[in-house]
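As a plain string of letters, each chain reads:
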Amino acid sequence: MENHKHFLKLLDFTPAEIQRFLNTAADLKAKKKAGVPHRYLDGKNVALIFEKTSTRTRCAFEVAARDLGMGATYIATGSQMGVKESIADTARVLGRMYDGIEYRGYGQSIVEDIAKYAGVPTFNGLTNEFHPTQVLADFMTIREHFGKLRGVKLVYLGDARYNMGNSLMVGCAKMGLHFVACAPKAYWPDKALTATCRAIARKTRATLEFSENPMEATKGADVLYTDVWVSMGEPVEVWEERIDALAPYQVTTELMDNAGPQCRFMHCLPSFHDRKTDIGREMGERFHRDAMEVTDEVFESERSIVFDEAENRMHTIKAVMYELMK
């Protein structure tokens, strides 16, 4: 990764570079499973800034850092960034103390500013616009189950205007997959980003499609992918409109069967697939539903590979930190 210092979005990387991340992740995963130490970044330290809550991203970065021999500092509430101190000033302070910085929060411009001023490798753990570490984990999981990426048909059902819809479309365009965004037209990705991805797809022979018809879109799909219908930080008032609009795009056994026996279910998690959590019960009672974006039957089925995907967050994040900090 000689030409790169930061990991901010997949648009910044070539297909060969993305493949290298995946290959490194597979190697590091094999070493971890075999109990082979790989403290390649011994003595380095990484700062983990979290303005949004997290399970998988935080744990993945912390365990990956520890496996690589690094120290990790979790920074959430209590930071002065953007409160008493500018983002630029915080970045310059942390860059003097740490060898790398991860940011998970709001606008893409924030992580871009951290990268601009910190002087050390900066990693995007999630912004409103992009979630690149998640897509690396998704692609690692697809490759493990299908043996390839090129030509795999991935259908994203639901609100495709934000980080997951954007990043999956970018990743699929880069790596030659068949990407379908299936949602009401108002929930399709940004037109400018779509145009950029179409230009990439012409070079990689990827296919990009957009559909409002779930049964047509999912026919022959290898992967049905979805995310929660209400993004982090959005007010409850948004839920009713969003749930009404996206209810026809819930991933069900009928849609999985329509895709075919080869089809697998993926989700970046967390998922509202039942009423087992407090928020699940709250939503279920308020909207008279047992599940939202995916039924419990699909989520818990043998065709669901969401926990392989969740584990691979750690292996791919480890690969990214190693490649950019070694």
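Going by the structure above, here's the rest.
Only a predicted model underlies this, so the values are computations on that prediction, with no experimental measurement involved.

Caption draft 1: Here's a closer look at the overall build of the protein chain. In terms of regular secondary structure, the protein chain is built from 13 helices and nine strands. Relative to the globule expectation of 20 Å for 326 residues, the C-alpha radius of gyration of the protein chain, 19 Å, shows essentially globular dimensions. Along the first, second and third principal axes, the C-alpha set of the protein chain runs to 55 × 40 × 40 Å. Scored against the burial criterion, the 326 residues of the protein chain give a buried share of 57%.

Caption draft 2: Inspection of the sheet that holds strand β4 (residues 122-126) at higher detail. As summarised here, the arrangement of the four strands in space is β2-β1-β3-β4, forming an open sheet in which the pairing is parallel. Strands at the two margins of the open sheet, each flanked by one partner only, are β2 (71-75) and β4. Strand-to-strand twist in this sheet, taken as the mean axis angle between neighbours without regard to direction, amounts to 20°. As defined by bridge partners, strand β1 (residues 45-50) adjoins strand β3 (residues 100-104) across five bridges and the pair is classed as parallel. From the neighbouring strand, Leu-48 faces β3, where its bridge partner is Glu-102.

Caption draft 3: Representation of helix α9 (residues 237-246) within the structure. Within the span of α9, buried status applies to Trp-239, Arg-242, Ile-243 and Leu-246. With its buried residues spanning 100° around the axis, α9 presents them on a single face. Of the exposed residues in α9, the ones pointing more than 90 degrees away from its buried face are Glu-237, Glu-241 and Asp-244. In this structure, the buried residues of α9 make contact with α11 (278-287).

Caption draft 4: Spatial organisation of the sheet that holds strand β9 (residues 264-267). Spatially, β7-β6-β5-β8-β9 is the arrangement adopted by the five strands of the open sheet, whose pairing is parallel. In this open sheet, the two edge strands, each paired with only one partner strand, are β7 (207-211) and β9. Taking the axes of each pair of neighbouring strands and ignoring which way they run, one obtains an average angle of 20° across the sheet. The sheet contact formed by strand β8 (residues 223-226) and β9 spans four bridges and is parallel. Its bridge partner lying in β9, Tyr-225 is registered against Met-266. Helix α6 (residues 163-175) contacts β5 (153-157), β6 (178-182), β7 and β8 of the sheet and is inclined by roughly 165° relative to β5. The strands that helix α13 (residues 306-325) touches are β8 and β9; relative to β9, the one it contacts most, it runs at about 45°.

Caption draft 5: Expanded view of helix α1 (residues 15-34). Taking 1.5 Å of rise per residue, 20 residues should cover 28 Å, and α1 covers 29 Å from first to last C-alpha, within 8% of that figure. What α1 keeps buried is the set Glu-17, Ile-18, Phe-21, Leu-22, Thr-24, Ala-25, Leu-28, Lys-29 and Lys-31.

Caption draft 6: Just the packing of aromatic side chains, in detail. On inspection of all chains with the given rule, the structure shows nine aromatic pairs. Taken together, a centroid distance of 5.4 Å and an interplanar angle of 40° make the contact between Phe-7 and Phe-13 tilted. Residue Phe-7 is classed as buried on the basis of its relative accessible area of 0%. Ring centres of Phe-299 and Phe-307 lie 5.9 Å apart, and the angle between their planes is 90°; this geometry places the pair in the edge-to-face category. Assessed through its relative accessible area of 55%, Phe-307 is described here as exposed. A network of ring pairs unites the aromatic residues Phe-7, Phe-13 and Phe-21 as a single cluster.

Caption draft 7: Layout of the nonpolar core. Core analysis: the biggest nonpolar cluster contains 60 residues, and Phe-7, Phe-139, Ile-142, Leu-154, Phe-179, Tyr-225 and Met-321 have the highest contact counts within it. Counting residues per element, this core draws most heavily on α13, which supplies eight residues. Ignoring anything within four residues of it in the chain, the contact list for Tyr-225 reads Gln-134, Asp-138, Leu-154, Val-155, Tyr-156, Leu-157, Met-164, Leu-168, Met-266, His-267, Cys-268 and Glu-309. Among the nonpolar cores identified, the runner-up in size contains 32 residues, and Leu-157, Val-180, Val-228 and Trp-229 belong to it.

Cut-offs and rules
Residues numbered from 1 in each chain as written. Predicted model: local features only at pLDDT ≥ 70, side-chain atom pairs only at ≥ 80, totals over all residues. Heavy atoms only, no water. Helix = DSSP H or I, 4+ residues; strand = E, 2+ residues; numbered from the N terminus. Rg over C-alpha atoms; globule rule 2.2 N^0.38 Å. Buried < 20%, exposed > 50% of the residue type's maximum accessible area, 1.4 Å probe, protein only. Pairing = 2+ DSSP bridges. Axes fitted to C-alpha atoms, helices over the stretch in contact; angles between N-to-C directions. Arc of directions from axis to C-beta. Contact = heavy atoms within 4.5 Å. Expected span 1.5 Å × (residues − 1). Phe/Tyr/Trp six-rings, centres within 6.5 Å; stacked < 30°, edge-to-face > 60°. Core = buried A, V, L, I, M, F, W, Y, C linked by side-chain atoms within 4.5 Å.

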